[in-house]
Amino acid sequence: MPSANNVRSRARERNSILSRPEFMSLNHQPLRGGCGPPETRCGPKRAPQTKHQAIQKSEEPTDGGSKDRRESTKMPEEDCMQLNPSFKGIAMNSLLAIDICLSKRMGVCASTSSSWGGCRSMVALLALTGHGITWIIGTIVCLTRSNTLAGQEVLVNLLLALILDVMTVAGVQRLVKRRGPWEMTPGFLDCVAMDVYSFPAAHASRAAMVSKFLLSHLVLAVPLRILLVLWAFLVGMSRVLLGKHHLTDMVCGFALGMFHFSLMETVWLSSNTCQTLISISTLSWSPFY
């Protein structure tokens, strides 16, 4: 016969085994109607997940995380460094850096607090002599007062050359959109003439074209010819001193002005054509005469 202590120890072992989580369902009595525990038998049955759905659920957070990781690792284009730059790229970057450095140093009249700030008004007045609006208005006034056919022919072609220069420079500036060496808001006349950006220099282009035009079509003495060339150079330099343009903008402006002169010489309008244009502009032209 087993003793009472052995029976008690066996009962304790049986109770401890049944209290484990895997045997908890054996301790509950079945409910009426044959329904087991609510969490195991009477609860709503869930549809079994397929393998494809399980893979999709497991991949959803990883896709978002990978996208965030890719976006965070992407660097802006200006921060990316070319590992093997070409000689041409190195030379261009070096020239641009030298151009910006020299242009900023030469902007001695950029503000009243600059080293040559006291001469700013004088330099601005010199730059005004090369402004597009000034030359267009002056050419129209001279055209209305001219009485000779030769003078009207020259003035009409000069007026067309000035309009061509203004439109071409404004179009190139809109395409390139290069800012000046110093951050400045354009003035009223600059906005009217559409001279908002830095490249190419509109004043330099206009001064080169006008000086070459006058030297070719006017009979001038040698001192006046020298003064005309010096005026064109000083007008281009005045914009650099005011901090409006870079040196390369001025050089390209001079080249563009010479191109405009060559183009106008190629499509030069005759005296009869100029008289027709004058008649149309003054509303005195008739197609029957």
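It should be noted that the structure appears before, not after, this text.
Residues numbered from 1 in each chain as written. Predicted model: local features only at pLDDT ≥ 70, side-chain atom pairs only at ≥ 80, totals over all residues. Heavy atoms only, no water.

## A look at the overall build of the protein
- Regarding its fold elements, the protein presents 13 helices and 0 strands.
- Mapped from its N terminus to its C terminus, the protein presents α and β elements in the order α-α-α-α-α-α-α-α-α-α-α-α-α.
- When the 289 residues of the protein are sorted by exposure, 29% land in the buried category.
- Looking at the protein alone, contacts between residues at least 24 apart form 71% of all its contacts between residues at least 6 apart.
- Accessible surface computed for the protein: about 20000 Å², of which carbon and sulfur atoms make up 64%. (Helix = DSSP H or I, 4+ residues; strand = E, 2+ residues; numbered from the N terminus. Buried < 20%, exposed > 50% of the residue type's maximum accessible area, 1.4 Å probe, protein only. Contact = heavy atoms within 4.5 Å. Areas by Shrake-Rupley, 256 points an atom, 1.4 Å probe, with all protein chains shown as cover.)

## A word on a nonpolar patch on the surface
- On the surface, L160, I163, M167, M194, L277 and I280 cluster together into a nonpolar patch covering about 490 Å² of accessible area.
- Elements with a contribution of two residues or more to the nonpolar patch: α8 (149-176) and α13 (271-281).
- Tallying contributions element by element places α8 first for the nonpolar patch, with 3 residues.
- Relative to the helices and strands, L277 is located in helix α13.
- According to the relative accessible area criterion, L277 is partly exposed, its value standing at 37%. (Patch = residues over 30% accessible without salt bridge, like charges linked within 9 Å, V, L, I, M, F, W, Y side chains within 5 Å. Salt bridge = Lys/Arg side-chain N within 4 Å of Asp/Glu carboxyl O.)

## Thoughts on the packing of aromatic side chains
- Evaluated as defined, the whole model comprises 2 aromatic pairs.
- Aromatic side chains F213 and W268 sit 5.8 Å apart centroid to centroid with 25° between the ring planes, which places their arrangement in the stacked category. Of this pair, F213 sits in helix α10 (residues 202-217) while W268 is found in the loop between α12 (247-266) and α13, placing the two residues 55 residues apart along the sequence.
- Judged by relative accessible area, which is 1%, F213 ranks as buried.
- When its relative accessible area of 24% is taken as the criterion, W268 is described as partly exposed. (Phe/Tyr/Trp six-rings, centres within 6.5 Å; stacked < 30°, edge-to-face > 60°.)

## Side note on the environment of V192
- Looking at where V192 falls in the secondary structure, it is placed in helix α9 (residues 188-192).
- The spacing of V192 and I133 is 59 residues in sequence and 8.0 Å in space, taken between C-alpha atoms.

## Brief notes about empty space enclosed by the protein
- A full pass over the atoms with the stated rule returns 1 cavity of 30 Å³ or more.
- One number sums up the size of the largest cavity: a volume of about 200 Å³.
- Considering the residues around the largest cavity, the lining is formed by 17 residues, among which G180, M184, V196, Y197 and K244 are closest to the centre.
- Of the residues belonging to the lining of the largest cavity, the class tally is 5 nonpolar, 5 polar and 7 charged. (1 Å grid on protein atoms, 1.4 Å probe; cavity = no way out; pocket = protein on both sides within 12 Å on 5 of 7 lines; lining within 4 Å. Points joined across faces, edges and corners; volume = space filled by probe spheres on them. Nonpolar A, V, L, I, M, F, W, Y, C, P; charged D, E, K, R; others polar.)

## Re the nonpolar core
- Among the nonpolar cores identified, the biggest contains 19 residues, and L162, M209, F213 and W231 are the most heavily contacted of them.
- The set of elements that each furnish at least two residues to this core consists of α8, α10, α11 (222-241) and α12.
- In this view, W231 contacts L126, T129, G130, W135 and A207; residues no more than four positions away in its chain are not counted.
- Residues A208, M237, L247 and F254 belong to the second largest nonpolar core, which totals 8 residues. (Core = buried A, V, L, I, M, F, W, Y, C linked by side-chain atoms within 4.5 Å.)

## Details of the state of the cysteines
- Inspection of the entire model under this criterion finds 0 disulfides.
- Free cysteine C109: the closest other cysteine sulfur is in C119, separated by 5.9 Å.
- Note on C109: relative accessible area 0%, which makes it buried. (Disulfide = S-S within 2.5 Å.)

## Details of the side chain of H203
- With respect to the element layout, H203 can be found in helix α10.
- Reaching out from H203, the side chain makes a polar contact with the side chain of R239 at a distance of 3.4 Å. (Polar contact = N/O pair within 3.5 Å; in protein donor to acceptor, adjacent residues only side chain to side chain.)

## What about helix α7 (residues 132-145)?
- Compared with the 20 Å implied by 1.5 Å per residue over 14 residues, the 20 Å span of α7 between its first and last C-alpha is a close match.
- Against the buried residues of α7 lie α8, α10 and α13. (Expected span 1.5 Å × (residues − 1).)

## Some remarks on unusual backbone geometry
- Note the cis peptide between F199 and P200, where omega equals -10°.
- Here P200 is to be found in the loop between α9 and α10.
- For K177, which is not glycine, the phi torsion reads 55° and is therefore positive.
- With respect to the helices and strands, the residue K177 is situated in the loop between α8 and α9.

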